[in-house]
Protein chains: 2
Amino acid sequence: MLAAVETGGTKIFCAVSRRDDPHTLVDSIRIPTQQPEVTLAAINEFLLKHHSSEGLDAVGVASFGPLDTSPGSSTYGYITTTPKAGWLNIDLHRALDGLGKVPVGFVTDVTGSLLGERALGAATGLDTVAYATVGTGVGVGVMVQGQVVSGHGTPELGHILVRRHPQDTFAGLCSYHGDCLEGLASGPAIQARWGRPAEGTEREIIAYYVAQLVVAVTLAIAPARIVIGGGVAKTTGLLDAVREQAGTLMAGYVGASHPIQDPASDYIVWPDLGDLAGVHGALVLAESLLAE
Amino acid sequence: MLAAVETGGTKIFCAVSRRDDPHTLVDSIRIPTQQPEVTLAAINEFLLKHHSSEGLDAVGVASFGPLDTSPGSSTYGYITTTPKAGWLNIDLHRALDGLGKVPVGFVTDVTGSLLGERALGAATGLDTVAYATVGTGVGVGVMVQGQVVSGHGTPELGHILVRRHPQDTFAGLCSYHGDCLEGLASGPAIQARWGRPAEGTEREIIAYYVAQLVVAVTLAIAPARIVIGGGVAKTTGLLDAVREQAGTLMAGYVGASHPIQDPASDYIVWPDLGDLAGVHGALVLAESLLAE
């Protein structure tokens, strides 16, 4: 049996599946994200139940972060510098008590979604691809030639410094950078400016920032596609505006035939799996631990 | 025998070495970069001479670009959209006439330098690493977990949109983007503003842009090190200013212990090989063709 744990800022999703049919969820639960003691104990209870009845072979964990995803690190599997109250320096291994030597792997939430969308969804079959979420935060998971990018630290393209839109005077909300991408384009930043979802010129401003992420990712890893999910990305017309502005900003530099230049192409797409992407990605991770 | 060709905007460097001692150059020549007919014929003459006497087993080419580096593409090995007079849509295979079925590989000039520095120089032993050149142009070569990043197009981080320095009103020189990184921080952009190398506040302005590249690369691929070469990077004090500003801009987001936060760390370094990096990288490429 494979087990998957996706920890989000507001809810946790746990599931188990059979190794010979890894993407059919045999059992699953959703748990609200509360303080770590309560939350990790609830995850542990679900996992232990299945480990004692069927035996778990591997566990994949996709978690909000910043998360230490370097297997050699002394804080591998820790949530590190999060501003989320109570979750600073929390060791997610505490959710795994009693599983003994069952292999466990950790990836960030966006990498989990990337792996899920690549297995079953909008990135199926693509080897160089990015998954971005624009919502409460802005995060990006990146795969290059079939390998998740996770080296010395974790890719955190949600915090790139974007060029300011001339009509946007908002100071930005990022506690590190003020007006980085996340500080300007996250749901809370939109809420703080306008008290409601962006529309009209506001939507163009947010799209201008997200389009800069698309350009940066394109220039950095040359992906075949960029999947963009998250609450802000659901804003009516936003992705269309991103498609337009990304082409304008790139200005043909990567070639006129590159799909970033065609707003009707499938270069920038919605996720297919919705909030199931992370748990399916965690199952992919669990499978990969057994293949090693 | 292995052969290497490095084509730069002003000069070409060709070399051959023995397979059992690939980084000792048995013979080499330097040729000024003129019109393609003359230049490619001179490369061809050097390669043919060695092919007919010793027999070449593989050729690695590291070239200025934009270069099509996708082996499946119909224009693989072409210089594509370059503004360099006469070199638009030039097929570099024309330098290889008479070599028959000798395998040949193409990488961009910065990727060549990256491979060279990784084999013998400032990036020895590192698997996730970036090499940037800031000179006549701005280019970045990227390796993730031992693989050169070269997917759907080629990484071109030299053209990221940077945030403008408040004291810099220069419009920028990039023919695509105006004031992207290359448009603001390249040698010609510095020359156009000040007529001489940057110093004092000017140097801080250029360092601010290069530091944004360092931050973007760090957030994108989480490298263990970033090697920065090129004529502009040689400006006295510039790299020190980049080290300072990169840490300031990152503001601890990837952790206080990340070497980007310590200007005295070896996170941002000079190349070790100088103008030999490209040709040694091309030899690494030639070797890798034989390993396949």
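Residues numbered from 1 in each chain as written. Chains lettered and ligands numbered in written order. Predicted model: local features only at pLDDT ≥ 70, side-chain atom pairs only at ≥ 80, totals over all residues. Heavy atoms only, no water.

Brief notes about the overall build of chain A
Each helix and strand in chain A was counted, giving seven helices and 12 strands. For 292 residues, the compact-globule formula gives about 19 Å, and the C-alpha radius of gyration of chain A, at 19 Å, lands near that figure. When the backbone C-alpha atoms are referred to their principal axes, chain A occupies close to 60 × 40 × 35 Å. Taking all 292 residues of chain A together, 60% fall into the buried category. Partitioning the intrachain contacts of chain A with sequence separation of at least 6 by distance along the chain shows that 61% fall at a separation of at least 24. By element, 52% of the accessible surface of chain A is carried by carbon and sulfur atoms, the whole surface being about 10900 Å². Across chain A, the mean location of the 17 positive side-chain charges is 3 Å away from that of the 29 negative side-chain charges. (Helix = DSSP H or I, 4+ residues; strand = E, 2+ residues; numbered from the N terminus. Rg over C-alpha atoms; globule rule 2.2 N^0.38 Å. Buried < 20%, exposed > 50% of the residue type's maximum accessible area, 1.4 Å probe, protein only. Contact = heavy atoms within 4.5 Å. Areas by Shrake-Rupley, 256 points an atom, 1.4 Å probe, with all protein chains shown as cover. Lys, Arg positive; Asp, Glu negative; His and termini not counted. Charge placed at Lys NZ, Arg CZ, Asp CG, Glu CD.)

Side note on the interface of chain B and chain A
Taken together, the contact between chain B and chain A spans 40 residues of the former and 40 residues of the latter. Remark: the boundary between chain B and chain A carries two salt bridges. Across the pair B:Asp179 and A:Arg163 runs a salt bridge whose closest N-O atoms are separated by 2.8 Å. Applying the counting criterion to the chain B and chain A interface returns 14 residue pairs in polar contact (both at pLDDT 80 or more). Every element with two or more residues in the side of chain B that touches chain A is listed here: strand S10 (147-148), helix H5 (201-221) and helix H6 (238-250) of chain B. Broken down by element, the side of chain B that touches chain A gets its largest block of residues, five residues, from H5(B). By residue class, the composition of the side of chain B that touches chain A is 23 nonpolar, 13 polar and four charged. (Salt bridge = Lys/Arg side-chain N within 4 Å of Asp/Glu carboxyl O. Polar contact = N/O pair within 3.5 Å; in protein donor to acceptor, adjacent residues only side chain to side chain. Nonpolar A, V, L, I, M, F, W, Y, C, P; charged D, E, K, R; others polar.)

Side note on the sheet that holds strand S12 (residues 268-269) of chain A
Residue and element names in this part refer to chain A. Pairing in this open sheet of five strands is mixed, and the strands run S10-S9-S8-S11-S12 from one edge to the other. Where the open sheet ends on each side, the last strands, each with one partner, are strand S10 (147-148) and S12. As paired elements, strand S11 (residues 225-229) and S12 share two bridges and run parallel to each other. Residue pairing in the sheet places Val227 in a bridge with Val269 of S12. (Pairing = 2+ DSSP bridges.)

Describing the pattern of salt bridges
As enumerated under the stated definition, the model contains 27 salt bridges over all chains in all. Between B:Arg196 and B:Glu202 there is a salt bridge, with the nearest N and O atoms lying 2.9 Å from each other. According to the relative accessible area criterion, B:Glu202 is buried, its value standing at 14%. A single network of salt bridges, built from pairs that share partners, joins A:Arg163, B:Arg164, B:Asp168, B:Asp179 and B:Arg193.

Considerations on helix H2 (residues 109-120) of chain A
All names here are of chain A. Between its first and last C-alpha, H2 extends 17 Å over 12 residues, near the 16 Å set by a 1.5 Å rise per residue. When we look at burial in H2, the residues that qualify are Val110, Thr111, Gly112, Ser113, Leu114, Leu115, Gly116 and Glu117. In this structure, the buried residues of H2 make contact with strand S4 (58-63), strand S7 (104-108), strand S8 (129-134), strand S9 (138-144), S10 and helix H7 (277-291). (Expected span 1.5 Å × (residues − 1).)

Re the domain arrangement of chain A
Segmenting chain A into domains produces domain 1 (2-108 + 275-289) and domain 2 (122-270). The straight-line distance from the C-alpha centre of domain 1 of chain A to that of domain 2 of chain A is 27 Å. (Domains from an automatic or database assignment.)

As for the packing of H2(A) against H7(A)
A pair of packed helices is captured by two measures, namely the crossing angle of their axes and the spacing between those axes. Residue and element names in this part refer to chain A. At a minimum axis distance of 6 Å, the contact between H2 and H7 shows a crossing angle of 85°. The angle between the axes of H2 and H7 places the two elements in the roughly perpendicular class. Between H2 and H7, the contacting residues are Gly112, Ser113, Leu115, Gly116, Glu117, Ala119 and Leu120 on the first element and Ala277, Gly278, His280, Gly281, Val284 and Leu285 on the second. Taken together, the residues of the contact of H2 with H7 break down into six nonpolar, six polar and one charged. (Axes fitted to C-alpha atoms, helices over the stretch in contact; angles between N-to-C directions. Parallel < 35°, antiparallel > 145°, perpendicular 65-115°, else oblique.)

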